[in-house]
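These are the residues of each chain, in order.
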Amino acid sequence: MAAISALTAWPSGAHRPAARALRASTGVCLHDSRAEPAAGAASVAQAFAAPVGRAAARRACAFVFVANLPLLAEAYGQDFASAASLEIQRRLCANFVVSPSSDMARLRDDCFLLWHNEAFECGIFEGRAPSEFPRTMRRASRSIEALLAVLGAEPVRAGGIAALVQLHADWIDVCPPGQLGSSEIELALWTAQPFPEAHETRADGWRQLYRADMDVAVRLSEATRAEELSFSWRPVVQPGSAATVLYREGRARIASGQGEAGLLEPEVFMPCLQRLGLTRAFDRTVMRHAVAALRMQPSAHVGVSISAQGVRVDHWWASLLAVLDKEPALASRLVIEIVDSAALPDFEAARDFCVQLQLRGCRIAIRGFGSGADNLAAVRACRPDIVKLDAALLRRARGSAFGRESLRDMLSLCAHLAPHVVVDGIERDDDLHIASQAGAQWMQGFGVRGAERHARVGSPVGGDACGRTEAD
């Protein structure tokens with residue numbers, strides 16, 4: 001492993017800047033020729049060393065890794081990246097640390113260790129390694145979820161620049177801060193770094209696109225914190241019976257800022273978040289609001305979309321899983337729609353996610369089926385309760401007999417893949433006729449009566465107030 005530089009305990013003396021060289025394709029942070037030799041890490045580690053024979057109590061420990069710090073340095077400059085690191089350190093100390101010298105260690109600008117303390121309570125784990133923690137806590141810990149949510153809640157601002165950090169956190173088995181050695185520090189740094197993304201190759205105009213995407217992400221974050229998020233509710237109905245509603249899909253949107261036209265729709269901001277790797281916090285926010293809406297309207301069945309990046313059981317979903325365990329009646333009214341299923345990074349993780357949610361009573365929907373070659377693999381992995389056909393299938397059916405035949409064939413195929421199949425993209429009266437003639441079981445789109453209803457996030461949806469019933 002490359003030599004470790006900028007290794008400090010907290011608190012330290014003068015702040016040392018992050019490594020200037022950016023992450024290589026291997027995912028290891030490389031340093032320039034001015035980096036200290038490996039012996040430098042060992043000499044710093046000696047400062048941690050406890051006196052011989054002194055045994056410190058073992059405490060649960062979490063790492064926090066700022067995964068996009070090299071990208072921030074490349075897009076905005078090293079000064080901003082260093083400021084972002086210091087801001088994460090400040091948030092850690094302000095919210096999760098009682099005694100900086102014994103509760104936290106700074107391994108590098110992009111990596112911190114945080115031990116169990118009164119401000120970061122994660123149960124009593126004296127003498128136990130993370131592998132010995134309860135399985136549910138290792139996979140979905142509310143302590144780690146709170147850590148991720150608080151540290152990434154607001155954009156980092158410095159020098160007139162605002163950007164969001166991409167955080168990776170988990171449990172790690174290390175000695176107390178006074179006993180860390182150089183080899184253990186290197187192992188902690190290696191463990192904390194997530195696997196590199198396949199899209200890390202830089203293309204022409206990458207910096208401009210990254211900054212534009214980040215501007216949208218920051219705007220979305222600010223709107224969410226200002227409670228400017230709202231839903232449009234799109235019912236999934238039976239042909240010829242708009243009163244029979246399978247569920248209502250909530251589409252999150254935000255009001256435009258100064259100089260922007262119209263609303264910011266998911267089609268605009270979700271691709272930006274996906275390219276930045278920042279969908280997780282937004283998925284979590286939308287899901288929490290959906291749960292609030294279900295509590296306000298006990299008769300409603302609501303569906304919300306999550307990105308392919310979020311289809312895994314991990315710490316981001318800890319509080320949701322806890323709620324669903326306690327409120328099975330609520331879980332039975334929640335539909336989780338997986339967007340861009342062809343881009344699922346890990347089919348095994350996706351299968352586990354869907355199984356865990358279905359065991360708690362939720363229904364899983366795959367959106368946009370028929371739009372990508374990997375859709376069928378995603379359906380096989382997730383075994384959804386609902387398959388929603390891509391709207392392009394209906395558009396092609398408008399213009400030719402072959403298109404209508406293709407729609408019928410797709411509906412026949414999907415009937416073997418899921419209990420419920422939805423024809424999406426209903427926009428006009430002839431779409432209703434085409435879908436019905438093809439054998440559609442359920443339909444959705446702006447042409448369905450009631451599809452244009454809007455409400456603030458958490459407002460009542462559906463149910464008896466609209467004169468409709470919810471299908472079981």
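Computed from a predicted model, the values in this text were never measured in an experiment. (Residues numbered from 1 in each chain as written. Predicted model: local features only at pLDDT ≥ 70, side-chain atom pairs only at ≥ 80, totals over all residues. Heavy atoms only, no water.)

S.K.: Even after reading the chapter, I still don't get the packing of helix α2 (residues 69-76) against helix α8 (residues 206-225), so can you show me in this structure?
M.R.: When two helices pack together, their arrangement is given by the angle between their axes and by how far apart the axes lie. Packing of α2 against α8 brings their axes to within 9 Å, and their N-to-C directions diverge by 110°. Put simply, α2 runs roughly perpendicular to α8. Crossing angle aside, the handedness with which α2 passes α8 is left-handed. Listed contacts from α8 to Leu-71, Leu-72, Glu-74, Ala-75 and Tyr-76 of α2 are Trp-206, Arg-207, Tyr-210, Arg-211 and Met-214. Residues belonging to the contact of α2 with α8 are distributed by class as follows: seven nonpolar, no polar and three charged. (Axes fitted to C-alpha atoms, helices over the stretch in contact; angles between N-to-C directions. Helix = DSSP H or I, 4+ residues; strand = E, 2+ residues; numbered from the N terminus. Parallel < 35°, antiparallel > 145°, perpendicular 65-115°, else oblique. Left-handed = near helix turned anticlockwise from the far one by under 90°. Contact = heavy atoms within 4.5 Å. Nonpolar A, V, L, I, M, F, W, Y, C, P; charged D, E, K, R; others polar.)

S.K.: What should I look at first to understand the packing of aromatic side chains in this one?
M.R.: Per the counting criterion, the structure on display carries eight aromatic pairs. Taking 6.1 Å as the distance between ring centres and 35° as the angle between the ring planes, the aromatic pair formed by Phe-120 and Trp-171 counts as tilted. Residue Phe-120 is found in the loop between β4 (111-115) and α5 (135-139), and its partner Trp-171 is found in strand β7 (residues 167-172); the two are separated by 51 residues along the sequence. Judged by relative accessible area, Phe-120 falls into the buried class, the value being 2%. According to the relative accessible area criterion, Trp-171 is buried, its value standing at 7%. Seen in terms of ring centroids, Trp-317 and Phe-353 are 6.2 Å apart; in terms of plane orientation they differ by 50°. Their pairing is tilted. Of the two residues, Trp-317 sits in the loop between β11 (302-306) and α11 (318-326) while Phe-353 sits in helix α13 (residues 347-359), which places them 36 residues apart along the sequence. Overall, Phe-353 belongs to the buried group, its relative accessible area being 1%. Ring pairs connect the aromatic residues Tyr-76, Phe-80, Trp-206 and Tyr-210, which therefore count as one cluster. Here Arg-234 stacks its cationic end above the ring of Phe-446, 4.8 Å away from the centre of that ring. (Phe/Tyr/Trp six-rings, centres within 6.5 Å; stacked < 30°, edge-to-face > 60°. Buried < 20%, exposed > 50% of the residue type's maximum accessible area, 1.4 Å probe, protein only. Lys NZ or Arg CZ within 6 Å of the ring centre and 35° of its normal.)

S.K.: Looking at this structure, I do not really get the pattern of salt bridges. What am I missing?
M.R.: Oppositely charged side chains can pair when the atoms bearing their charge come close. Counted under the stated rule, the structure contains 25 salt bridges. A salt bridge links Arg-59 to Asp-103; its shortest N-O distance comes to 3.1 Å. Taken together, the residues span a long stretch of sequence, with Arg-59 in the loop between α1 (38-48) and β2 (61-66) and Asp-103 in helix α4 (residues 100-103) at a distance of 44 residues. Judged by relative accessible area, which is 3%, Asp-103 ranks as buried. The partner of Asp-110 in a salt bridge is Arg-108, with the nearest N and O atoms 2.8 Å apart. When its relative accessible area of 3% is taken as the criterion, Arg-108 is described as buried. (Salt bridge = Lys/Arg side-chain N within 4 Å of Asp/Glu carboxyl O.)

S.K.: Can you walk me through the pairing of strand β12 (residues 334-338) in this structure?
M.R.: Two faces, one strand: in a regular strand the side chains alternate between the faces of the sheet. Of all five residues in β12, five are buried; the element is thus mostly enclosed. In β12, alternate side chains face the same way, and those of Leu-334, Ile-336 and Ile-338 on one face and Val-335 and Glu-337 on the other are all buried. Of the pairings in the sheet, the one linking β11 to β12 comprises five bridges and is parallel in character. Bridge pairing in β12 links Gly-303 to Val-335. Across four bridges, the pairing between β12 and strand β13 (residues 363-369) is parallel. Looking at the pairing, Ile-338 lines up with Ile-366 of β13. Between the parallel pair β12 and β13, the chain is carried across by α13, and the sense of this crossover is right-handed. (Pairing = 2+ DSSP bridges. Right-handed = clockwise from strand over helix to strand, strands pointing away.)

S.K.: Teacher, can you tell me more about helix α14 (residues 375-382) here?
M.R.: Burial in α14 covers these residues: Asn-375, Ala-378, Val-379, Ala-381 and Cys-382. Down the axis of α14, the sector holding all buried residues measures 165°, keeping them to one side. On its buried face, α14 sits against β12, α13 and β13. Of the residues one or two after α14, Arg-383 is the one with positive phi, at around 45°. (Arc of directions from axis to C-beta.)

S.K.: When you look at the nonpolar core in this model, what are you seeing that I'm missing?
M.R.: In summary, soluble globular proteins display a tendency toward joint burial of nonpolar side chains. Within the largest apolar cluster, 109 residues are counted, with the highest numbers of intra-cluster contacts made by Leu-72, Leu-92, Leu-147, Met-214 and Leu-389. With seven residues, α8 is the single largest residue contributor to this core. Excluding its chain neighbours within four sequence positions, the residues that come into contact with Leu-72 are Gly-77, Phe-80, Ala-81, Ala-84, Ala-163, Leu-164, Val-165, Tyr-210 and Met-214. Ala-67, Trp-115, Val-174 and Leu-180 belong to the second largest nonpolar core, which has 16 residues in total. (Core = buried A, V, L, I, M, F, W, Y, C linked by side-chain atoms within 4.5 Å.)

S.K.: Help me out: how do you make sense of the environment of Ala-300 in this one?
M.R.: Topologically, Ala-300 is positioned in the loop between α10 (279-296) and β11. Overall, Ala-300 belongs to the buried group, its relative accessible area being 1%. It is 7.4 Å that separates the C-alpha atoms of Ala-300 and Tyr-247, two residues lying 53 residues apart in sequence.

S.K.: Looking at this structure, I do not really get the side chain of His-116. What am I missing?
M.R.: Residue position: His-116 is located in the loop between β4 and α5. Only 3.3 Å separates the side chain of His-116 from the backbone oxygen of Phe-120, close enough to count as a polar contact. (Polar contact = N/O pair within 3.5 Å; in protein donor to acceptor, adjacent residues only side chain to side chain.)

S.K.: Honestly, unusual backbone geometry in this entry has me stumped. Any pointers?
M.R.: Trans is the common state for peptide bonds, and a negative phi is the common state for residues other than glycine. A positive phi angle is found at Asp-340, which is not glycine, with a value near 55°. Within the secondary structure, Asp-340 sits in the loop between β12 and α13. Despite not being glycine, Arg-383 shows a phi value in the positive range, around 45°. By the secondary structure assignment, Arg-383 is in the loop between α14 and β14 (386-389).

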